[in-house]
Each structure stands twice: as C-alpha cells, then as structure tokens.
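# Chain and residue survey
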Amino acid sequence: MSLAAEAELSALYINARNAVEIRNILKEMGHSQPPTPVQTDNSTTEGIINTCVQPKQTKATDMQVHWLRDRAVNQKQFRFFWRPGNTNLGDYWTKQQ
C-alpha cells in the first residue's frame, strides 16, 4: 500500500473515531443519525474501505481498515466516498494550483 493511502486511512480512522462519539451522544439524546458522509481524495483509500480494492499488505493499518469497514459496511454509520482533491477546500494547501 502506498504511503499516501496509509496516511489517508489513518486520518479517516482518527476522524471517524471522533465522529462515533458525537453520533452516540446524539443517539442517546433521541436524535438517530443517517450514515455520516466522509469524503476522501484518495481513490485507493476509498476502494480499500468499501472493499472494492484488496491490498496485499496492510499490516501497519489492519486494525484501522477493519474498524472503518465494519463501521461503514456492517453498522452503516459512515458512507465513505471519493471526490477529487481540487474540490476539497480544506485540502487546498497540499494541492498544486
């Protein structure tokens, strides 16, 4: 797996872990939520999470991959999707303009 995909997986994992806490609080308050949309600009990462791509080696990120897949596919808490990086304004400084 490329370093970019590993970094993107780690970032998605950290953000999703934080979002789960918020989702649980809202659920306890009686406000059930639909799957939270999560955008990534790395198509390899999106493919790994949505089981479209099977990586050969994920030892460094195995737990993160399985956790994200479980939350997206089995528990339907998240909806991961790909969108080009030039439309992601939060990622402006890392893209060539």
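Keep in mind it's a predicted model, so treat the numbers as computed, not measured.

Rules of the game
- Residues numbered from 1 in each chain as written.
- Predicted model: local features only at pLDDT ≥ 70, side-chain atom pairs only at ≥ 80, totals over all residues.
- Heavy atoms only, no water.
- Helix = DSSP H or I, 4+ residues; strand = E, 2+ residues; numbered from the N terminus.
- Expected span 1.5 Å × (residues − 1).
- Buried < 20%, exposed > 50% of the residue type's maximum accessible area, 1.4 Å probe, protein only.
- Contact = heavy atoms within 4.5 Å.
- Axes fitted to C-alpha atoms, helices over the stretch in contact; angles between N-to-C directions.
- Parallel < 35°, antiparallel > 145°, perpendicular 65-115°, else oblique.
- Left-handed = near helix turned anticlockwise from the far one by under 90°.
- Nonpolar A, V, L, I, M, F, W, Y, C, P; charged D, E, K, R; others polar.

Attention shifts here to helix H1 (residues 3–28). With 26 residues, H1 extends 38 Å between its outermost C-alpha atoms, agreeing within 8% with the 38 Å of an ideal straight helix rising 1.5 Å per residue. Here H1 has its buried residues at Ala-5, Leu-9, Leu-12, Tyr-13, Ala-16, Ala-19, Val-20 and Arg-23. Structurally, H1 contributes buried residues whose contacts are with strand S1 (36–40), helix H2 (43–49), helix H3 (62–74) and strand S2 (78–82). Positive phi shows up at Gly-30, right after H1, with a value of about 95°.

Among the structural elements, Ile-48 can be located in helix H2. Classification of Ile-48 by relative accessible area gives buried; the value is 1%. On a C-alpha basis, the gap between Ile-48 and Leu-68 in space is 9.6 Å, while along the polypeptide they are 20 residues apart.

The next thing to look at is the packing of H1 against H3. Two numbers describe how H1 lies on H3: the axes approach to 10 Å, and their chain directions differ by 50°. On the basis of their axis angle, the class for H1 and H3 is oblique. Two packed elements cross with a definite hand, and for H1 against H3 that hand is left-handed. Residues Leu-9, Ser-10, Leu-12, Tyr-13, Ala-16, Arg-17 and Val-20 of H1 lie in contact with H3, whose contacting residues are Met-63, Gln-64, Val-65, Trp-67, Leu-68 and Arg-71. Looking at the contact of H1 with H3 residue by residue, the class counts come to 9 nonpolar, 2 polar and 2 charged.

These values are about where atoms sit, not about what they do.
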